[in-house]
Structure formats: C-alpha cells, structure tokens
Amino acid sequence: MMKRLVSFAALVALSASATAQAPLPFVLKQLGPGVYAAIDGPEHKAGSNAGFVIGDDGVLVVDAFFTQDAARALVAEIKRLTPKPIRYVVNTHYHADHTGGDQVLRDAGAIIIAHRNVRGWIRTNNVNLFGDRITPELKARIEALPLPDLVTDKDLIVWLGARRIVVRTVLGHTGGDLTVAVPDARILFTGDMLWRKVPPNLIDGSVKEWLATDATFLGGPAAAAMQFVPGHGDVANAKDVDDFRAYLTNLRRLVAEGRKAKLANDALVQYVAPKQRRVYPDWTISDRAIAAEVKYMDQELAGTKKRPVPQPD
Ligand SMILES: [Zn+2]
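What counts, and where the lines are drawn
- Per chain, residues are indexed from 1 in the order of the written sequence.
- Reporting of local features is limited, given that this is a predicted model, to residues whose pLDDT is at least 70; pairs of side-chain atoms are given and counted only at 80 or more, and all residues count toward the totals for whole chains, interfaces and linings.
- Each side-chain value is derived from all of the structure's non-hydrogen atoms; neither hydrogens nor water enter the calculation.
- By convention a nonpolar core is built from buried Ala, Val, Leu, Ile, Met, Phe, Trp, Tyr and Cys residues, the set being connected through side-chain atoms within 4.5 Å.
- Whether a residue is buried, partly exposed or exposed follows from its accessible area with a 1.4 Å probe, protein chains only, as a fraction of its type maximum: under 20%, in between, or over 50%, in that order.
- Only DSSP runs of H or I reaching four residues or more are called helices, and only runs of E reaching two or more are called strands; each is numbered from the N terminus.
- Note that water is not among the atoms considered, so a metal site may appear incomplete; the donors listed are N, O and S atoms within 2.8 Å of the metal, with 3.2 Å applied to Na, K and Ca.
- Each label reflects the angles at the metal, where four donors whose angles all fall between 85 and 135 degrees are tetrahedral, four or six donors whose opposite pairs open beyond 155 degrees and whose other angles stay between 65 and 115 are square planar or octahedral respectively, and the rest are irregular.
- Between the N-to-C directions of two axes lies an angle of 0 to 180 degrees, each axis being a line fitted to C-alpha atoms and, for a helix, fitted only over the stretch in contact.
- Roughly parallel covers angles under 35 degrees, roughly antiparallel covers those over 145, roughly perpendicular covers 65 to 115, and oblique covers all other angles.
- Each crossing gets its hand from how the near helix is turned against the far one by less than a right angle, where anticlockwise is left-handed and clockwise is right-handed.
- Only heavy atoms enter the contact rule, under which two residues are in contact if any of them lie within 4.5 Å.
- Amino acids are sorted into nonpolar (Ala, Val, Leu, Ile, Met, Phe, Trp, Tyr, Cys and Pro), charged (Asp, Glu, Lys and Arg) and polar (every other residue, Gly among them).
- In this analysis, the protein atoms alone were mapped onto a 1 Å grid. Cavities are point sets where a 1.4 Å probe fits without being able to get out; pockets are open sets with protein on both sides within 12 Å along at least five of seven lines; lining residues have an atom within 4 Å of a point.
- Grid points are joined across faces, edges and corners, and a volume is the space filled by probe spheres set on the points.
- Expected helix span is taken as 1.5 Å per residue step, with the number of steps being one fewer than the number of residues.
- Under this rule, positive means Lys or Arg and negative means Asp or Glu; His and the chain ends count for nothing.
- A carboxyl oxygen of Asp or Glu within 4 Å of a side-chain nitrogen of Lys or Arg is what we treat as a salt bridge.
- Any pair of N or O atoms that falls within 3.5 Å is considered a polar contact. Within protein, one atom must be able to donate a hydrogen and the other to accept it, and sequence-neighbouring residues count only if both atoms are side-chain atoms.

Q: How should the nonpolar core be read in this particular structure?
A: Taken as a class, soluble globular proteins show a tendency for nonpolar side chains to be buried jointly. Grouped together as the largest cluster of nonpolar side chains are 40 residues, with contacts concentrated most on Phe228, Leu251 and Val294. Of all elements in the fold, only helix H6 (125-130), helix H7 (136-143), strand S9 (163-170), strand S11 (187-195), helix H8 (207-217), helix H9 (238-260), helix H10 (265-279) and helix H11 (287-302) reach the threshold of two or more residues within this core. No other element matches the seven residues that H9 contributes to this core. Counting residues in each nonpolar core, the second largest holds 23 residues, with Val59, Ala71, Val104 and Leu105 among its members.

This is how it looks when you write it as structure tokens:
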C-alpha cells in the first residue's frame, strides 16, 4: 500500500512538473509597468499576438488569439501575475486569428469590446478568410464565436481606475479596426495595422487607408520612444513602422509597374515577388503570402477590390 502511495505521489509530481514545463504558445514580454505583450511563438500555435494591461482595479486584454487553448494559457498567465479581475477584451478586428479565443476571455469575466462592424462579420466573413483551407470543424467554430458586447465606431476611453486606455477607430485593415494605446507607458497595440517582418494579409484591406493610418503612429513628439505591439511579428519600434509602410509602398509601386507592362495573375506575381524579396531579405515572405498580396493590390489599383460591407445592427 505504502509503495503504491509513493508511486502515485511520484506520478503526480511528475505530471505537475510536466505541466509546469509545457511551453506557452506565446512569449510573454513586459513592456512597461503592468503592460505585457504576448507574442506568438515560433510554431505559431497562438495564431497572432495579444497582450494585456493591468490597471488599478482590473485587467484589459487586447485580442484573444486563434485557439481557445492559447487564450486559456493567456488567462492563466494573467492570473499568475495579478489577482485583479479580467474586465475587458478589446478585439482589434474581426479576423478569427484574433477573436478565436473570445469565449475563454468572456468566461473569465471579460466584456468583449469591438468595432461596430465586427458583429456583422465575425461569424460570416471569417469563413472567407480561410479560403480553401476551411474545414467543417473550423466553420462550425467560426459560426459559434461570441458576438461582441460593446461596440463603437468612435474613439473610446476605458478607465482602469486611474489608468487611461485609449481605444481608437482606424481605417485600413478590415473596415472595422481598433487600436489600443496606453499613453502612460507609451505603448500602442496596433492589431493588424502593423506587421513586423512578415507580409500583411490584404484580403479586406485598403493599402491607401492603411498607409495613412500608420503615418499617424509616427506623429507626435513621443513617436521615437514608442513601443508597438503588432498583430504579427515581434515587438516593434518607430523604425519598424517605417519599414512596414515602405513595404506596402514598394508593393504598390511594383504592382503598378507590372500592370503598366500589361502583366496579370501569375506573370504579375513573378514580376513582383523576387523584387520585393530582394528589398526585404530578412522578412519571411512565403509564396502564398506574396501571391495573395499581389492579387489584392492589383484589385485595389484596378478599383475592383471587394471589402466587407457594414451590416445593419
Ligand atoms: Zn487580421
């Protein structure tokens, strides 16, 4: 009996240490007092970046990852750092790689804040986002995503006690985008308005609006000291914002050149891809990503780009 007890205890100890050592699907980085970025790990198990701000009387989370498992790991990390309640999650946009874990945050007590248009798109347009990679399981998961509780098409201030969080409505990535600023720490969570060293998904975007919005990230005297949490890629600075804008500008220029030479479809991709890769050798640019970017940029320049249409409330 004693021996059985000992081995059971050993087993429990073993499984406890195995759980403790299970790697997080993201890397948690403290950027300022009570401000954390959760950066998608090298295996991309979280699907995107997220983060959170610990205020005087509660926690505000920015984005919820793609999987509920990753969201659960985020909640566990928050609980490890603070006993304060999780009060809000802000969805920077409707894409499922940022909203897939919303139910976990809601179950943890959060009110889901999003742009007004997200309610009309989250359960439908997310299916298009995956194109030929959609599966019946993923479709069912998308159709069951919770709808946001609190929506806005204006800027919003959320007070966490004395801590002021500024939620801004911006244009560019989907037509329903929010950024989240923590002015006292000079930190901006940009959602997918910024990608660092990875090509952005332009499926719902307007590069014209996007470039204009990102220019505002660099406005103001504090820009050089700002830290940015992008939607994808590591924590960024003002130079990364510059690089990202230059990437989009270069893409638009190359696609325009190709169109002028009457190139289309694959030929246009073959014209743009090697040139873009040569200018951005340290970016991870997959064939699939650059082909999609060229296609959507071509559509935007042709005036045929389809973007999500706001639905009635
Ligand atoms: Zn997105």
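Q: Would you mind showing me how to read the coordination of the zinc ion here?
A: Around the zinc ion, the protein supplies His93 (NE2), His95 (ND1), His173 (NE2) and Asp192 (OD) as donor atoms, at distances of 2.1 to 2.3 Å. If you look at the zinc ion, its four donor atoms make angles of 88 to 170° with each other, and the shape they trace is irregular. Here the donor residues of the zinc ion share one chain and are spaced in sequence as H-x1-H-x77-H-x18-D. Of this pair, His173 sits in the loop between S9 and strand S10 (177-182) while Asp192 sits in strand S11; the two residues are 19 residues apart in sequence, bridging distant segments of the chain. You'll find His173 and Asp192 in the same group, each marked buried.

Q: I keep staring at the packing of H9 against H10 and nothing clicks. Help me out?
A: Packed helix pairs are characterised by how far apart their axes lie and by the angle those axes make with each other. Two elements in contact, H9 and H10, have axes separated by 9 Å at closest approach and are oriented at 150°. Judged on the interaxial angle alone, H10 and H9 are roughly antiparallel. Between H9 and H10 lies a crossing of right-handed hand. Contacts between H9 and H10 involve Tyr247, Asn250, Leu251, Leu254, Val255, Glu257, Gly258 and Arg259 from the first element and Leu268, Tyr271, Val272, Lys275, Gln276 and Val279 from the second. Tallied by class, residues from the contact of H9 with H10 come to eight nonpolar, three polar and three charged.

Q: Whenever I open this one, empty space enclosed by the protein confuses me. Can you help?
A: Gaps left between atoms show up when a probe the size of a water molecule is rolled over them. Under the definition given, this model contains two cavities of 30 Å³ or more. Taken together, Asn49, Ala50, Val62, Asp63, Thr92, Phe189, Thr190, Gly191, Val229, Pro230 and Gly231 form the lining of the largest cavity. Where the lining of the largest cavity is concerned, the elements lending two or more residues are S11 and strand S12 (227-232). By residue class, the composition of the lining of the largest cavity is five nonpolar, five polar and one charged. Its boundaries defined by the atoms lining it, the second largest cavity holds a volume of some 40 Å³. As for the second largest cavity, its lining consists of Trp195, Arg196, Lys197, Asp240, Asp243, Phe244 and Trp283. At three residues, the largest contribution of residues to the lining of the second largest cavity is made by H9. The residue inventory of the lining of the second largest cavity, partitioned by class, reads three nonpolar, no polar and four charged.

Q: Mind showing me how you'd approach the layout of surface pockets here?
A: Of the pockets and cavities examined, the largest pocket occupies roughly 1,100 Å³. Along the wall of the largest pocket there are 38 residues; nearest its centre are Asp97, Arg133, Trp195, Asn201 and His232. Of all the elements in the fold, those that place two or more residues in the lining of the largest pocket are strand S2 (35-40), H6, S11 and H11. Sorting elements by how many residues they give to the lining of the largest pocket places H11 first, with six residues. As a volume, the second largest pocket reaches approximately 380 Å³. If you go around the second largest pocket, you meet 20 residues; those closest to its centre are Arg168, Ala181, Leu188, Thr216 and Met226. Elements with a contribution of two residues or more to the lining of the second largest pocket: S9, S10, S11 and H8. Of the residues forming the lining of the second largest pocket, the biggest block, five residues, is contributed by S9.

Q: Would you explain H10 in this entry?
A: Along an α-helix, a turn takes 3.6 residues, which lines up residues three or four apart on a common side. Between the first and last C-alpha of H10 there are 22 Å, a value that for 15 residues agrees with the 21 Å anticipated at 1.5 Å per step. All buried positions along H10 are accounted for by Leu268, Val269, Val272, Ala273 and Gln276. Of the surrounding secondary structure, the elements contacted by the buried residues of H10 are H9 and H11.

Q: Is there a simple way to think about the side chain of Asp102 in this case?
A: Within the secondary structure layout, Asp102 lies in helix H4 (residues 102-107). Buried Asp102, no salt bridge; nearest opposite-charge side chain is Arg106, N-O distance 7.6 Å. In this structure the side chain of Asp102 is engaged in a polar contact, spanning 2.9 Å, whose partner is the side chain of Asn91.

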